[in-house]
Amino acid sequence: MASKEGFLTNEQRETLKIASQNVEILSSSPKSPTSFLSEHHVKAPAGGKAPTAGIAVRHVRRSHSGKFVRVKKEGGGGKGTWGKLLDADSESPIDRNDPNYDSGEEPYQLVGSTITDPLDEYKKAVVSIIEEYFSTGDVALAASDLKELGSSEYHSYFIKRLVSIALDRHDKEKEMASVLLSSLYADVISPIQIRDGFFILLESADDLAVDILDAVDILALFLARAVVDDILPPAFLTRAKKALPESSKGVQVIQTAEKSYLSAPHHAELVERRWGGSTHITVEEMKKKISGLLREYVENGDTFEACRCIRELGVSFFHHEVVKRALILAMDIRTSEPLIMKLLKEAAEEGLISSSQMVKGFSRLAETLDDLALDIPSANTLFESLVPKAISEGWLDASFLKSSGEDGGVRAEDEKVKQYKKEIVAIIHEYFLSDDIPELIRSLEDLGVPEYNPLFLKKLITLAMDRKNREKEMASVLLSALHIEIFSTEDIVNGFVLLLESAEDTELDILDASNELALFLARAVIDDVLAPLNLEEIGSKLRPDCSGSETVRMAQSLISARHAGERILRCWGGGTGWAVEDAKDKIAKLLEEYESGGVVSEACQCIRDLGMPFFNHEVVKKALVMAMEKKNDRMLHLLQECFNEGLITINQMTKGFTRIKDGLDDLALDIPNAREKFSFYVEHAQEKGWLLPSFGSSAADGSH
């Protein structure tokens, strides 16, 4: 009679069951651009799939360790696998002299190869094309570069990238983006790809609106401009609206385009001129145009024609340049003074040149009088005679006298302040190039005028606002570092007050200055540079009805929004703007890895890769605490190497030791000999020159 147990024992049956359950066949491939687009209801040509790396899929299995290994067809063999289904005994040793030896049974690791996504490569390449185009304005070169890039199936992503970058730039770049799209239409980018690109933009409107407050309105204008330029059919709006969720920002964009732009009388002309018309000229070219029209006016004396030319320039925020150049011309050609004064008076009376632009033009000329006197020796005297005339005729605000000096004379700015401003501009430009925070801090300390710290903050943010997101992010990161190192909260508050007091003037040159200042304020709160109450303090120092007060309210609104912290932290790309807890976690992990047997050079590189030199005092603090806990002074070797390389400055080292000293009472609860160990570390640090001399006496008080 057959045994009830059959051919397999219970143990073998259990092994068979477990092995069967854990057979895992891997068959995955990267998501292709085609499948991505199909999820978004947009048709696009299929992109190539990246080739699968490694070996045949059906002979690959994941081991318990997570590694991929080759296994035999029957299910046995290979390091980290379950073995054959009926194996119950331990593995037999491999004998290469055995006649049945199979090299496939040798343990090995699969060597992976990098899989490149052609869409990712394309996206990176087009960014450089777009940036170069915004710098040069060369449409033909951009078209040629895009053709040479190939991958025409991805051109819809070019449209999305172009408009996304332009969203965060000035009107000049927005106009340039629309001009480029019209130029590429049909010749380089097909009509279908234009439609697909705009649809992808509409789908991403919710995300874009997080970082750009007026994204809906700007996207609506891009959409309307595309319809006006005949690169998008009006029917596209109806079809796109049906394909998008009703609650999405994309639908709002379409509705805004239809109601605010495309349904207005003479909407085509309105839309085409919204960003300054079809010209995309540089500042230098604009200055030449201004000089040309003024000289032509002096020759023919036609005030009406001159005003029309100024209006057609379409740069109301740059009219201060018209005022400045007109006054210089009046001083250079004495016979032209009556005509110039007549033109400026008429331009002011009809509201062509605003009062603030007029004052700004006079102020800019006053600042350059010393240089101008080299070419026009009597420049100072002539300017002082022009100011009272302009005020008496009513087209220059009398407030100009208060800013320029009493008795109508132009009071020279304090030489010390003027020299300081000149030096900090050079320091800030150097920082934007080098990203070297410790060097900037050393340069500021060398100037030795901490009472001017608010002026530095004002100049830093003003310069950053006129640059790219990278520099804006760097400015916010620098503020955090300066607050930790050398700036008091009062310095930061006073600096923002100075900025906001001049916000209306700043908006004349930087159209979205109010939004950007609000983001800088909100970011300062998120970075713990300012407390929320400081915003109220700043607001109380401003006029209730001024632009600066509105900016403060906007910042408070940004902070109170849901998930505000993460959004504001990433408002400019967040290159180094981690949350503090995230940074602390990374520091702890790299120190643990070094303590468990890592190489000092690798640990230094990891600290460098953090990209937060202003936060290196946390590295010092955590390294000392870890040394106390592990009773291992190996961390001192790491700190010495960091100090030798200049990776951790003496200021950061001193701050790290100070933070340990301040927390010794709490530390002693977990580490009984914390005080004794800290005294030893202080002596070692002073011997090696890590600490500032001022640390000595305070350290003695805290460690005994």
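Residues numbered from 1 in each chain as written. Predicted model: local features only at pLDDT ≥ 70, side-chain atom pairs only at ≥ 80, totals over all residues. Heavy atoms only, no water.

Enquirer: Explain the overall build of the protein chain to me, and be specific about the residues and the numbers.
Expert: Of regular secondary structure, the protein chain possesses 38 helices and two strands. Relative to its full complement of 704 residues, the protein chain shows a buried share of 43%. The long-range fraction of contacts in the protein chain, counting pairs at least 24 apart against all pairs at least 6 apart in sequence, stands at 73%. When the accessible surface of the protein chain is summed, it comes to about 36300 Å², and 50% of that surface belongs to carbon and sulfur atoms. (Helix = DSSP H or I, 4+ residues; strand = E, 2+ residues; numbered from the N terminus. Buried < 20%, exposed > 50% of the residue type's maximum accessible area, 1.4 Å probe, protein only. Contact = heavy atoms within 4.5 Å. Areas by Shrake-Rupley, 256 points an atom, 1.4 Å probe, with all protein chains shown as cover.)

Enquirer: If you had to explain the confidence of the model for the protein chain to someone new, which residues and values would you point to?
Expert: Averaged over every residue, the pLDDT of the protein chain is 77; the share at 70 or more is 76%. With pLDDT under 50 throughout, residues 24-81 is counted as low confidence; its partners more than four residues away or in other chains account for 92 contacts. Below a pLDDT of 50 lies the segment residues 698-704, which in the model reaches eleven contacts outside its immediate sequence neighbourhood of four places, other chains included. (pLDDT = per-residue confidence, 0-100.)

Enquirer: Tell me about the packing of helix H33 (residues 616-630) against helix H34 (residues 634-644), and please be specific about residues and values.
Expert: Two numbers describe how H33 lies on H34: the axes approach to 8 Å, and their chain directions differ by 160 degrees. In terms of orientation, H33 lies roughly antiparallel with respect to H34. For the pair H33 and H34, the contacting residues are Val620, Ala623, Leu624, Met626 and Ala627 in the first and Met635, Leu636 and Leu639 in the second. Counted by class, the contact of H33 with H34 contains eight nonpolar, no polar and no charged residues. (Axes fitted to C-alpha atoms, helices over the stretch in contact; angles between N-to-C directions. Parallel < 35°, antiparallel > 145°, perpendicular 65-115°, else oblique. Nonpolar A, V, L, I, M, F, W, Y, C, P; charged D, E, K, R; others polar.)

Enquirer: Mind laying out helix H5 (residues 155-167), listing which residues take part and the relevant values?
Expert: Over its 13 residues, H5 runs 19 Å from end to end, which matches the ideal 18 Å to within 8%, given 1.5 Å per residue. Looking at H5, one finds that the buried residues are His155, Ser156, Tyr157, Phe158, Ile159, Leu162, Val163, Ser164, Ile165, Ala166 and Leu167. (Expected span 1.5 Å × (residues − 1).)

Enquirer: Report on the pattern of salt bridges, specifying residues and quantitative values.
Expert: Taken as a whole and judged by the stated rule, the model has 23 salt bridges. For Arg308, the salt bridge identified is with Glu312, shortest N-O distance 2.6 Å. Of this pair, Arg308 and Glu312 both sit in helix H14 (residues 303-313), four residues apart, which is roughly one turn of that helix. Arg308 gets classed as partly exposed once you look at its relative accessible area, which sits at 31%. (Salt bridge = Lys/Arg side-chain N within 4 Å of Asp/Glu carboxyl O.)

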